[in-house]
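So the chains spell out like this:
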Amino acid sequence: MRKFSIVLLAILFCLLLVSCSNQDNAEIAKEEIVYASSKDIRDINPHLYSGEMAAQNMVFESLVINTEDEVEPWLAESWEISDDGMEYIFHLREDVTFTDGEKFNAEAVKQNMDAILDNEERHAWLDLVNLIEENIVVDEYTYKLVLKHPYYPTLTELGLTRPFRFLSPNDFVDATTRDGVDGYSGTGPWILTEHNENQEAVFTANVEYWGEQPEVDNVRWKVMPDHQTILLALEKGEIDLIFGSDGDMIDLDSFSALEEQGKYITEMSEPIASRAILLNSNRPITKNVDVREALQYAIDKQSIADGVLNGTESVAPTLLSSTAPYSDLGLEAREYNPDKASELLDEAGWKLDDSGYRYKDEEKLELSLYYNSDNAQEKTISEYIQHDLREIGVDLHITGEQKQAFLDRQKSGEFDLQYSLSWGTPYDPQSYLSSWRIPAHGDYQAQIGLDRKVWLDETITDLMIENDEAEREAMYDEVLSYIHDESVYIPLVYSRTKAVHRPELQGVTFNVSQYEIPFEKMYFEAE
Amino acid sequence: MGTLNKLIQNRFAMICIIFLVTVVLTGFFAPWLAPHNPVDVNVKEKLAGISTTYPMGTDQLGRCILSRLLYGIRTTVLIAFITMAATIIIGTLIGGIAGLFRGKIDEIIMRICDIFMSFPSEVMILAIIGMMGPGITNIIIASIIAKWAWYTRMIRSIVIKYTDKNYIQFARVSGFSRWHIFRKHIMPNATGEIAVLATLDIGSVILMISALSFLGLGVQAPTPEWGMMLSEAKNVMIIHPGLMLPPGIAILFVVAAFNFLGDSLQDAYNVKHRKRWR
C-alpha cells in the first residue's frame with residue numbers, strides 16, 4: 001500500500017512539473033513586446049523622480065524633443081523666441097488629447113507648469129525651473145513662457161524625460177502633483193493599463209494617439225532583479241528584449257558571449273555618457289592635487305576598455321567627450337604612465353616602503369573606493385583599478401554597497417574615490433555641470449576641497465544665463481579646463497546603451513537619452 | 001579513552017578528519033602550492049579555460065582560479081575557526097557562570113539569551129552588518145552576537161548536568177571553591193561535549209560566511225573567498241557555467257566533512273545515542 005502511494009505521489013509530482021513548463025509560450029502572439037528590467041516602473045508621476053524614466057517616457061510627452069542634431073517640435077508645432085531670449089511663445093498642436101479624453105491645450109500646459117513650479121525645491125537641479133518668471137495662456141493653443149534671464153538650454157531642458165511632461169489635469173490632487181496623483185493619463189503612444197508592483201506592468205498602445213501609431217499592441221514590462229535570470233528568460237523565449245545602459249541590465253561578458261553566439265541580435269548606441277571616478281578633494285590624502293594627478297596616470301584605461309569591457313566602450317581622454325557641445329577644448333589626455341605616477345607620488349612625499357606600499361610620516365597611502373553592488377560592471381572595474389594602484393604602492397580598499405547606502409555616501413562625501421556616471425546626452429554638459437552645485441551630489445562633495453570651488457559654482461551659474469555664444473564658450477572652457485587641471489575626475493570610458501533582442505523583433509533603435517526606450521518604433525517581422 | 005577509540009574505528013570519521021587536515025594544510029602552504037598570485041589581474045586571459053598555466057581556468061579578471069581556491073581556504077577556514085573559538089569561549093564563560101551560580105544571575109542571563117534567540121540569526125546578522133557595514137571583522141562580530149546565546153544555553157545545561165553528580169556534591173561539601181570545581185571537575189568532562197557542538201556547527205558557520213560574501217556583505221575584494229568566487233561566477237553563469245564548480249564543490253565538501261565528523265563525534269560521545277542505534 002505504502003509503495004503504491006509513493007508511486008502515485010511521484011506521478012502526481014511529474015504532472016505538476018509538466019504543467020509548470022511554459023504553457024503560454026506558444027500563445028505569445030507577435031503583438032506584444034516582452035521586456036525585462038531589473039527594476040519596477042514604480043510611481044511614474046512625470047513631475048517626480050521616483051519612477052523609471054523609460055516608463056515615464058512611454059506615457060508622457062513634452063513640448064519639444066531632443067534629437068541628435070537639434071531640438072525638434074513635438075507637442076508644440078512651432079515656437080518663437082524673443083530677441084532678448086526671455087520670452088518663448090509655443091504654438092501647440094491642436095489634435096492632441098489626453099488618454100482620459102481631456103483636451104491638451106495651453107490651459108493644461110499652464111496647469112502642469114504650475115504644478116512643477118509648486119515643487120520648485122525638488123527641481124532645483126534644473127536651472128530652468130528657477131528661472132521661470134511667469135507662464136501665460138495666450139489663447140487656447142498658444143502658450144508663453146517668460147524667463148527672468150535669458151537661458152540658452154531652455155528648449156533642451158523642456159525636452160527632457162522629466163519633469164516638463166504633461167499629465168491630464170484631472171489626475172492632479174488639490175491642483176498639484178507633488179504629493180502623488182490620481183492616475184497616469186498622458187498624451188503618449190502608450191497607456192499604463194496594469195501594474196503589479198515588483199512583478200510586471202502592461203502598457204497598451206494608445207489608439208487615439210495623435211502621432212504615428214505604435215506597431216504592436218502591448219508592451220509587457222517584467223521585473224527580474226537578477227541579470228542572469230533575465231538572460232535565462234531570454235534563452236527560454238520568455239522575453240524579447242533586454243535594453244539598458246551601464247551594466248544595469250546585462251554585463252558585458254554576457255553581452256559579448258551573446259554577440260558571438262549569433263542567436264540573438266545585439267546592438268549598441270553611440271557613446272553616450274562618461275564613466276569616471278571622482279577623486280574627493282576634501283579628504284586628507286586626495287586633497288593634494290599631485291596625488292590626484294598621479295592617480296590619473298596610474299590607471300590603465302585601455303585595458304579596462306579592451307579587457308574588462310571587451311572593447312565595447314572607448315577610452316575617455318577627458319571627462320566629457322569632445323563631441324558633446326562646448327567640450328572640444330583640446331585638453332591634454334593623461335595616458336597610462338605608472339612611472340610618471342610614481343614620480344609624482346615621490347615628489348608629494350609618499351615614499352615606497354619595503355612592504356611595497358607608500359608611506360609618509362608613518363601614514364600609509366590607503367584610499368577607499370565605494371561602488372554600487374547592484375551594478376554588474378562596477379565591481380570588476382574596481383578590482384582592476386585596485387590592481388593598478390597596488391602596482392604603484394597605493395592600497396585601495398574597495399567596498400560594495402547597496403544602492404541606497406551608495407547614494408547616501410555620495411551625499412555625505414565620505415569617500416576618497418567614487419563612481420560617477422554623467423547623464424549623457426542631452427544632459428551633458430549643461431545639466432551635468434549644473435548638478436555640481438547641489439550638495440546632495442557626489443560631484444559637489446568631491447569638489448569642495450578645491451580652492452576655487454566658489455568661483456566654479458558662480459561661473460557655472462553665470463554661464464547658464466550668458467546669452468552671448470562666444471562668451472559662453474569661453475566660460476565652459478574655463479570651467480572644464482579647471483576641473484581637468486585639478487584632476488577631480490579620472491575619466492575612464494564613454495559608455496554606450498546596449499540592447500539584446502530576438503531576431504524577429506525589428507526596429508530597435510536608441511533615443512538620444514540613455515534613459516529612454518523607443519518601444520513605439522519596434523515591431524515583429526511577419527513570419 | 002573509549003570515545004577516541006570509537007572515533008578511530010569509525011572509518012568515515014577518519015576519512016573526514018584526513019580530508020579536513022589536508023584542506024587546512026593546503027591552506028597553510030598555499031603560497032608554495034598555488035601556481036599564481038591570487039590577486040594578479042590579467043585581463044587578456046580572462047575567462048580562459050583549463051590549461052597547463054591555469055589548471056582550473058581564470059575568472060572575469062583573468063585571475064587563476066586554482067590559486068584563489070587555495071588562498072580561499074585561509075580566509076574561509078580561518079574566519080570560521082576564529083568565529084567558533086570566540087563564540088565557544090564566550091558561551092563557556094557565561095554559560096558556566098549561569099550553570100554554577102544558578103538563582104538570579106542564571107535568570108537574568110537566560111532571559112537575555114531568550115531575547116537574542118527570539119530572532120532568526122540571519123535577520124540579526126543582516127541587521128548588524130547593515131549598521132556596521134560589510135567587512136571581515138564585522139561578519140565575525142555579527143555571527144558571534146548571533147550565536148553566543150545558543151551556546152551559552154547549551155553549555156549551561158551541560159554544566160548543570162554535571163553539578164548534580166555525586167562527586168561534585170562531594171567536592172562542594174569538602175569546601176572547594178566554585179571556580180576550582182568548575183576547572184577541575186566540570187570542564188574536563190564538558191570539553192568533549194562542547195567540541196561536538198563546535199564541530200557540528202562549524203560547517204554552518206562556513207556556509208554563513210560564504211553566503212554573506214556571496215551577497216557582497218562579507219569579505220571584500222580582492223581577498224579570495226569561496227562565497228565571493230561563487231558570486232562572481234554567478235554573474236557569468238549562463239556563458240561560463242563551469243566557473244561555479246570549483247568554489248561550489250569546495251564549499252560542499254568542506255561543509256559536508258565537518259557535518260559528518262560532528263555526527264560521528266556525537267555518536268562516540270553520546271552513550272544514549274549509541275545504545276539506541278546499535
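Here is what the cut-offs are and how they apply
- Residues numbered from 1 in each chain as written.
- Chains lettered and ligands numbered in written order.
- Predicted model: local features only at pLDDT ≥ 70, side-chain atom pairs only at ≥ 80, totals over all residues.
- Heavy atoms only, no water.
- UniProt positions renumbered as here; feature names shortened; annotations may be inferred.
- Helix = DSSP H or I, 4+ residues; strand = E, 2+ residues; numbered from the N terminus.
- Buried < 20%, exposed > 50% of the residue type's maximum accessible area, 1.4 Å probe, protein only.
- Expected span 1.5 Å × (residues − 1).
- Bend = angle between axes of the 7 residues up to and from the residue.
- Phe/Tyr/Trp six-rings, centres within 6.5 Å; stacked < 30°, edge-to-face > 60°.
- Lys NZ or Arg CZ within 6 Å of the ring centre and 35° of its normal.
- Domains from an automatic or database assignment.
- Contact = heavy atoms within 4.5 Å.
- Buried area = accessible area lost by both parts, 1.4 Å probe.
- Salt bridge = Lys/Arg side-chain N within 4 Å of Asp/Glu carboxyl O.
- Polar contact = N/O pair within 3.5 Å; in protein donor to acceptor, adjacent residues only side chain to side chain.
- Nonpolar A, V, L, I, M, F, W, Y, C, P; charged D, E, K, R; others polar.

The name that an unreviewed UniProt entry assigns to chain B is Peptide ABC transporter permease, with the source organism given as Oceanobacillus sojae. Under the heading Subcellular location (unreviewed entry), UniProt records this for chain B: "Cell membrane".

Per an unreviewed UniProt entry, chain A goes by the name Nickel ABC transporter, nickel/metallophore periplasmic binding protein and belongs to Oceanobacillus sojae.

On to the environment of Glu504 of chain A, then. Inspection of the secondary structure puts Glu504 of chain A in the loop between strand E22 (497-501) and strand E23 (505-506). Using a relative accessible area of 19% as the deciding quantity, one classes Glu504 of chain A as buried.

Let us look at helix H4 (residues 65-101) of chain B. All names here are of chain B. For H4, spanning 37 residues, the distance from its first C-alpha to its last is 53 Å, which sits close to the expected 54 Å at 1.5 Å a residue. At Tyr71, H4 is deflected by roughly 30°, the largest bend along its length. Immediately beyond the C-terminal end of H4, within one or two residues, lies Arg102, with a positive phi of roughly 55°.

Here we take up the UniProt feature "transmembrane region" (unreviewed entry) in chain B. All names here are of chain B. Listed under "transmembrane region" (unreviewed entry) in the UniProt record, and renumbered for this structure, are residues 12-34, 77-101, 135-151, 194-218 and 238-262. Helix makes up 91% of residues 12-34 and strand 0%, whereas the separation of the span's terminal C-alpha atoms amounts to 29 Å. Secondary structure within residues 194-218 divides into 84% helix and 0% strand; the distance between the first and last C-alpha atoms comes to 27 Å.

All names here are of chain A. Scanning the entire structure with this criterion turns up 28 aromatic pairs over all chains. Sitting over the face of the ring of Tyr357, Lys364 holds its NZ or CZ atom 4.3 Å from the ring centroid. It is Arg452 that lies over the ring of Tyr482; its NZ or CZ is 5.0 Å from the centre.

Interface size, as often reported, equals the accessible area lost upon joining of the parts. Residue and element names in this part refer to chain A. Parsing chain A into structural domains produces domain 1 (61-181), domain 2 (190-269 + 497-524) and domain 3 (273-495). The straight-line distance from the C-alpha centre of domain 1 to that of domain 2 is 29 Å. The interface of domain 1 with domain 2 comprises 12 residues on the first partner and seven residues on the second. Both faces considered, domain 1 and domain 2 share a buried interface measuring about 770 Å² in area, 57% of it formed by carbon and sulfur atoms. Of all residues in domain 1, the largest losses of buried area upon contact with domain 2 belong to Glu61, Thr99 and Thr161, amounting jointly to 42% of the total for that side. Measuring nitrogen to oxygen at the nearest pair gives 3.5 Å for the salt bridge that ties Arg165 to Glu516. The tally of links between domain 1 and domain 2 comes to four residue pairs in polar contact (both at pLDDT 80 or more). For the side of domain 1 that touches domain 2, the per-class residue count stands at three nonpolar, four polar and five charged.

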